[in-house]
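Each chain, written out:
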There are 2 protein chains.
Amino acid sequence: MAENKQLGKQSIRFANPPFIRGAASVAGTKEADGPYGKYFDEIEQDPMAGGDSWEDAEGRLQERAAELAVKNAGCKTEDMRYIVAGDLLGQLMASSFGLMKLKRPLFGIYGACSTMGESLAVASIITEGGFADNVLAITSSHFASAEKQFRFPLGYANQRNKSATWTVTGSGAVVVSAAGNAQAEGTGHKLPDKVPAEKNKVHITGITTGKIVDYGVKDSMNMGACMAPAAADAIVQHFMDFGQSPGQYDKIITGDLGLVGKDILIDITRAKGYDISENYMDCGIEVYGEEQNVQSGGSGCGCSAIMFAGYILKMLESGEWKRVLFVPTGALLSQVSFNEGNSVPGIAHAVLLERRN
Amino acid sequence: MAENKQLGKQSIRFANPPFIRGAASVAGTKEADGPYGKYFDEIEQDPMAGGDSWEDAEGRLQERAAELAVKNAGCKTEDMRYIVAGDLLGQLMASSFGLMKLKRPLFGIYGACSTMGESLAVASIITEGGFADNVLAITSSHFASAEKQFRFPLGYANQRNKSATWTVTGSGAVVVSAAGNAQAEGTGHKLPDKVPAEKNKVHITGITTGKIVDYGVKDSMNMGACMAPAAADAIVQHFMDFGQSPGQYDKIITGDLGLVGKDILIDITRAKGYDISENYMDCGIEVYGEEQNVQSGGSGCGCSAIMFAGYILKMLESGEWKRVLFVPTGALLSQVSFNEGNSVPGIAHAVLLERRN
């Protein structure tokens, strides 16, 4: 069993690929005003989401995305054997407070803005290994809580570099289910007939888990440059492990490299013999319109999460795309590491998604 | 396959339990002066561990524990298919910088001081599911980086409550390997004959993954009270899921409840019909001697990690103990959540360890 799953140096090809039973995206108003606004399941008009603080607001976005994803999957909260969750805040406060009410076993994870890729990967491992029938994978970010965590108080109204990105306010949640799973667990109740069957659903057929890659870039206002080498590393390794070339994917989609990171990624992968420019897309570049004045694009765990749950998944489910490599990208910095003059290493987690029937 | 692994509401019983091929503990001088000093594999005399900052120091402890655990397992770094790592610092900076040089696929995780339980659980799922032959599970904490992260600058020389705990300086690393695995992966080199065989090793036979439990305690200087309800929840659920009673374990060992948390845990579990007082032990109470002036005991991810890799594992490997429930406990707070007046919820991850041959 072990042998046929492990593929190449850093990948897994799932023998019985888990599928995505349901998903949900909850986004803020700025994201709603962008070109993908119509794809998001729910728009929160209040920047505080009815909460008392920015952190509380972000937690509430997660709570609602979680509830909606579970509902969209035709499940109950108790059907989720595990939650795999993370966010950008120190000690994962948005996930901790936002998901508490769900009362489910929780694995907290952190991969900076690559966290959605990590949560999908871990959820796939858990379900495919037979350890759960349904796992909720979820992440979030919030513009204001992230500015407070990593940059300056909003009241300063700091100017932003051309290479800077705008943290997405939103949460994306995905219910990953074991192949052939029609029965809900937990309460043991039979899922209703209206539950979407595995047929026509999107399968997670493989993953390529990233290593930390550090090119020594120290500019936290240019995270695209920090993350692009890690994205290139994971993407090239994915091609090598799976014996594939860029043309075999409808889309290769990174999380939040932005305009600067995009160019670097395309250059590095080309230098390694793979030209991804034809079918490349970046959630950070897409999520906001040019007129929205966000410099290099969107960022944050929530960026790739809402674009995945809101748009990418729908493109796959509709059959518009058949095969997508989804590669959320993370910049590993903290306020402390930045202030201490450290570089900003990157990490990226690639997830292979296929519409197979 | 799915059915026989999932056990009860929150547990897994592993059909082919993974085993611990090797481990290592690296501790500071205060920990070396405690009653378990002789068990730790390496003592770091320099509080800065040769680094430039407290965060750097903690990362260096992780790097050395990782290298030593891999060596003790008779492996090379390349044999580790994944690293599952975390620490207490915002955005996991000790793990990110400390483990970068290992250049291995990384899942960053966060469960506060329960992180060692979470890393062992995830590593077990990955290996037992056939997704890897060897996984490195590792966590750390450092007194000075934790005080800086969560409390006050050391220079203030703040007085400490009786209920306060002292963050352990140290890192514990464990190589979790798939059952029946004699061949190293990665480089594909055959492990040398001197590698300890699976025989006489400790197996991870099950896990019970914790939920977030919040009794509304807001005192970050009394983390034992914050975490005890979560520990009780996980331990009682474990007994229920496995159909076991406390007397069937040689030891039931929590992470860092300390003296205050211990009493609360014993009271809550007793009220739920399970008396664990006879064979209960807490790493936080044990790690320092009474004369070391640490109030309620030790804490931090490093506390349960060095006690596990340094002492608990050796007691199991020697056959002194045959069956241990290891339950690292975490308090989910950040500097921000505390300052905003939030409660401190807890989480605990139980890992069942057995010496079976």
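That block above? That's the structure.
On a predicted model such as this, the values are computed, not experimentally measured, just so you know.

Asker: Help me get a handle on the packing of helix α7 (residues 223-242) of chain B against helix α8 (residues 258-271) of chain B, residues and values and all.
Answerer: Residues and elements named next belong to chain B. At their nearest, the axes of α7 and α8 sit 8 Å apart, and the two run at 35° to each other. Considering only the axes of α7 and α8, their crossing is right-handed. Only Gly261, Ile264, Leu265, Ile268 and Thr269 of α8 make contact with α7, whose side of the interface consists of Gly224, Ala225, Ala228, Pro229, Ala231, Ala232, Ile235 and Val236.

Asker: Describe in detail the interface of chain A and chain B, supporting the description with residues and values.
Answerer: With 65 residues of chain A in contact, the opposing surface of chain B contributes 65 residues. Among the residues of chain A in contact with chain B, Arg81(A), Gln91(A) and Phe131(A) are the three that bury the most area, contributing 15% of the side total. Applying the counting rule to chain A against chain B returns two salt bridges. Among the salt bridges present, the one from Lys148(B) reaches Glu340(A), with a minimum N-O distance of 2.9 Å. Those elements that place two or more of their residues in the side of chain A that touches chain B are α1 (2-5), β1 (6-7), β2 (11-13), α4 (93-98), β6 (106-108), α5 (115-128), α6 (143-150) and α11 (335-339) of chain A. Of the residues forming the side of chain A that touches chain B, the biggest block, six residues, is contributed by α5(A). For the side of chain A that touches chain B, the residue count by class is 31 nonpolar, 20 polar and 14 charged.

Asker: Give me the pattern of salt bridges: which residues, what numbers.
Answerer: Considering all chains together, one arrives at 26 salt bridges over all chains under this definition. With a closest N to O distance of 3.4 Å, Glu63(B) and Lys101(B) form a salt bridge. Separated by 38 residues along the polypeptide, Glu63(B) in helix α3 (residues 54-72) and Lys101(B) in the loop between α4 (93-98) and β6 (106-108) bring together distant segments of the chain. With relative accessibility at 14%, the residue Glu63(B) sits in the buried group. The shortest N-O distance in the salt bridge between Glu317(B) and Lys201(B) comes to 3.7 Å. Taken as a pair, Glu317(B) in helix α10 (residues 301-317) and Lys201(B) in the loop between β9 (170-177) and β10 (202-208) lie far apart in primary sequence, 116 residues in all. Look at Glu317(B) and you get partly exposed, because its relative accessible area is 24%. Judged by its relative accessible area of 9%, Lys201(B) is buried. Salt bridges here are not isolated pairs; linked through shared partners, they connect Glu42(A), Glu44(A) and Arg64(A).

Asker: Mind laying out the packing of aromatic side chains, listing which residues take part and the relevant values?
Answerer: All names here are of chain B. Under the defined criterion, the tally for this structure stands at 21 aromatic pairs over all chains. Here the aromatic rings of Tyr36 and Tyr39 are separated by 6.1 Å at their centres, their planes lie at 40°, and the arrangement is tilted. The exposure class of Tyr36 is buried, given its relative accessible area of 10%. Relative to Tyr311, the ring of Tyr36 has its centre 4.7 Å away and its plane inclined at 75°; by these criteria the two rings are edge-to-face.

Rules used throughout
- Residues numbered from 1 in each chain as written.
- Chains lettered and ligands numbered in written order.
- Predicted model: local features only at pLDDT ≥ 70, side-chain atom pairs only at ≥ 80, totals over all residues.
- Heavy atoms only, no water.
- Axes fitted to C-alpha atoms, helices over the stretch in contact; angles between N-to-C directions.
- Helix = DSSP H or I, 4+ residues; strand = E, 2+ residues; numbered from the N terminus.
- Left-handed = near helix turned anticlockwise from the far one by under 90°.
- Contact = heavy atoms within 4.5 Å.
- Buried area = accessible area lost by both parts, 1.4 Å probe.
- Salt bridge = Lys/Arg side-chain N within 4 Å of Asp/Glu carboxyl O.
- Nonpolar A, V, L, I, M, F, W, Y, C, P; charged D, E, K, R; others polar.
- Buried < 20%, exposed > 50% of the residue type's maximum accessible area, 1.4 Å probe, protein only.
- Phe/Tyr/Trp six-rings, centres within 6.5 Å; stacked < 30°, edge-to-face > 60°.

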